[in-house]
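The residues making up each chain are set out below.
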Amino acid sequence: MNSRLKILADENIPALDALFADIGEIRRLPGRKLSAADVADSDILLVRSITRVDEPLLSDSRVGFVGTATIGTDHLDTQWLDRRGVRWCSAPGCNADAVVEYVLSALWHLCAQHGVDPLTRTVGVVGAGNVGGRLVSRLRALGLEVLVSDPPRAEREGHEGFVELEELLSRSDLVALHTPLVDDGPYPTRHLLNEGNLELLKPGAVLLNAGRGPVIDNWALIQFMRRRSDVHLVLDVWEEEPLVLPELAEQCVIATPHIAGYSLDGKIRGAWMLYREVCQWLGREVSITLESVLPKPEIEMLGCSGSVDPLKPIALTYDPYRDDRALRETLYLDPEERMLAFDRLRKHYPVRREFSSLQIMGLENKQQAELLLKLGFNVVMA
Ligand SMILES: NC(=O)c1ccc[n+]([C@@H]2O[C@H](COP(=O)([O-])OP(=O)(O)OC[C@H]3O[C@@H](n4cnc5c(N)ncnc54)[C@H](O)[C@@H]3O)[C@@H](O)[C@H]2O)c1
Ligand SMILES: O=C(O)[C@H](O)[C@H](O)COP(=O)(O)O
């Protein structure tokens, strides 16, 4: 039995007991403060995006497995982990639907405010992997025009169906960034949007970043927004996270503390994916199902009498303005306090469920039912 295994986990990973209690002894610590001394006698390390996992953290430890309950891996020195023979994994796609729903919710809310039909918009998706790819599929199913820029994919798959970034920026009503942070190789993404190309954005465009903060040069963006107040900025990620620049946040129509992927479904899916990988590493059977650890949603059903404005179920499942208000309340704290507040908002994030958790009953309007189905809701016709 492996009951003596020591598991050190970020305290913000949910369902740890349900998933790992049979595997080993679990110790929880705040991820931002994990030190080499904390990790020293652990066998398994489970982190989120705020823990840098590299040689200084692990070289004096016996950690043999590192899992990050996130999509992004830029906080892991994977080359060093490979050299050292430490098995590592992330949770690809775990919270992709939550990010897609963040984008859809922002798009529907902003269009409603400006009296525009979202279905007539052109959306440019930069980075079409797990998140961007699902966003492209959902938007195309809804009938929107979608432009995609993803040079690594274009190189692998052929250029058909992809456009250059410049064309995307100049033709899209909403530009959504979903690339990882990449510093080297032929297609780096650090400051992919910068002084040189921000100017290409269409008048009145929405620029949304839910990838990684440094993909936009934040200082260039501040300067740009001073000239181009017609652009609507939606930022979930920030160049100096957890420090948010108040001036930049003030320029946003929606500003949130890196929670685009924070559905409970996504977080638990991420933890469960780590559990599955740990089981494989240990040669154990994967005996716990994802469904068994996912709680029932608080609101399971929305009854309507014949028809419903799609914004209603969207806002009921995810309202980005709640997160925006919470972040704005912290903007004028001193920098140290502001960073702590950013982490607190993430740590105590309210339960948010994905669109698929809501069943919409009583619809008679077929067109609306189809639209809501394509948005990702569960629809039962009257
Ligand atoms: N805000 C959040 O809460 C949140 C949640 C989940 C993921 N993320 C971030 O979003 C990023 C994307 O997630 P994912 O799961 O889709 O990752 P992924 O690796 O599946 O996809 C990334 C895509 O970006 C493309 N890409 C790489 N370099 C590019 C470039 N220079 N220009 C355009 N495209 C490029 C890749 O080819 C790939 O298709 C993650 O790396 C993570 O950092 C943020
Ligand atoms: O990469 C990801 O999966 C996301 O950015 C994720 O939402 C980060 O959340 P964190 O690990 O910082 O809690």
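In this text, all values refer to a predicted model and were calculated from it rather than measured experimentally.

**Student:** Help me get a handle on the domain arrangement of the protein, residues and values and all.
**Tutor:** Under the domain assignment used here, the protein contains domain 1 (5-90 + 263-293), domain 2 (96-255) and domain 3 (301-381). The C-alpha centroid of domain 3 is placed 20 Å from the C-alpha centroid of domain 2. In this assembly, 27 residues from domain 2 lie in contact with 27 residues from domain 3. Carbon and sulfur atoms supply 66% of the area that domain 2 and domain 3 bury against each other, a total of about 2500 Å² over both sides. For the interface between domain 2 and domain 3, the tally reads 1 salt bridge. The shortest N-O distance in the salt bridge between Glu 250 and Arg 328 comes to 3.9 Å. At the junction of domain 2 with domain 3, the criterion picks out 10 residue pairs in polar contact (both at pLDDT 80 or more). If one sorts the elements of the side of domain 2 that touches domain 3 by residue count, helix 5 (residues 96-113) sits on top with 11 residues.

**Student:** I'd like a rundown of helix 11 (residues 264-282), residues and numbers included.
**Tutor:** Look at helix 11: 27 Å from first C-alpha to last across 19 residues, which is about the 27 Å you get at 1.5 Å a residue. In terms of residue burial, helix 11 counts as a mostly covered element, since 14 of its 19 residues are buried.

**Student:** Go over the sheet that holds strand 12 (residues 301-306), please, and point to the residues and values.
**Tutor:** With parallel pairing, 3 strands are arranged side by side in an open sheet as 12-13-14. Two strands close off the open sheet at either side, each with one partner strand: strand 12 and strand 14 (378-381). Averaged over all adjacent pairs, the angle separating strand axes in this sheet is 20 degrees, with direction ignored. Note that strand 12 and strand 13 (residues 359-363) share 4 bridges and pair parallel. Bridged to Leu 302 within strand 13 is Ile 360. Docked against the sheet, helix 16 (residues 366-375) engages strand 13 and strand 14, running at close to 160 degrees with respect to strand 14.

How each quantity is defined
- Residues numbered from 1 in each chain as written.
- Chains lettered and ligands numbered in written order.
- Predicted model: local features only at pLDDT ≥ 70, side-chain atom pairs only at ≥ 80, totals over all residues.
- Heavy atoms only, no water.
- Domains from an automatic or database assignment.
- Contact = heavy atoms within 4.5 Å.
- Buried area = accessible area lost by both parts, 1.4 Å probe.
- Salt bridge = Lys/Arg side-chain N within 4 Å of Asp/Glu carboxyl O.
- Polar contact = N/O pair within 3.5 Å; in protein donor to acceptor, adjacent residues only side chain to side chain.
- Helix = DSSP H or I, 4+ residues; strand = E, 2+ residues; numbered from the N terminus.
- Expected span 1.5 Å × (residues − 1).
- Buried < 20%, exposed > 50% of the residue type's maximum accessible area, 1.4 Å probe, protein only.
- Pairing = 2+ DSSP bridges.
- Axes fitted to C-alpha atoms, helices over the stretch in contact; angles between N-to-C directions.

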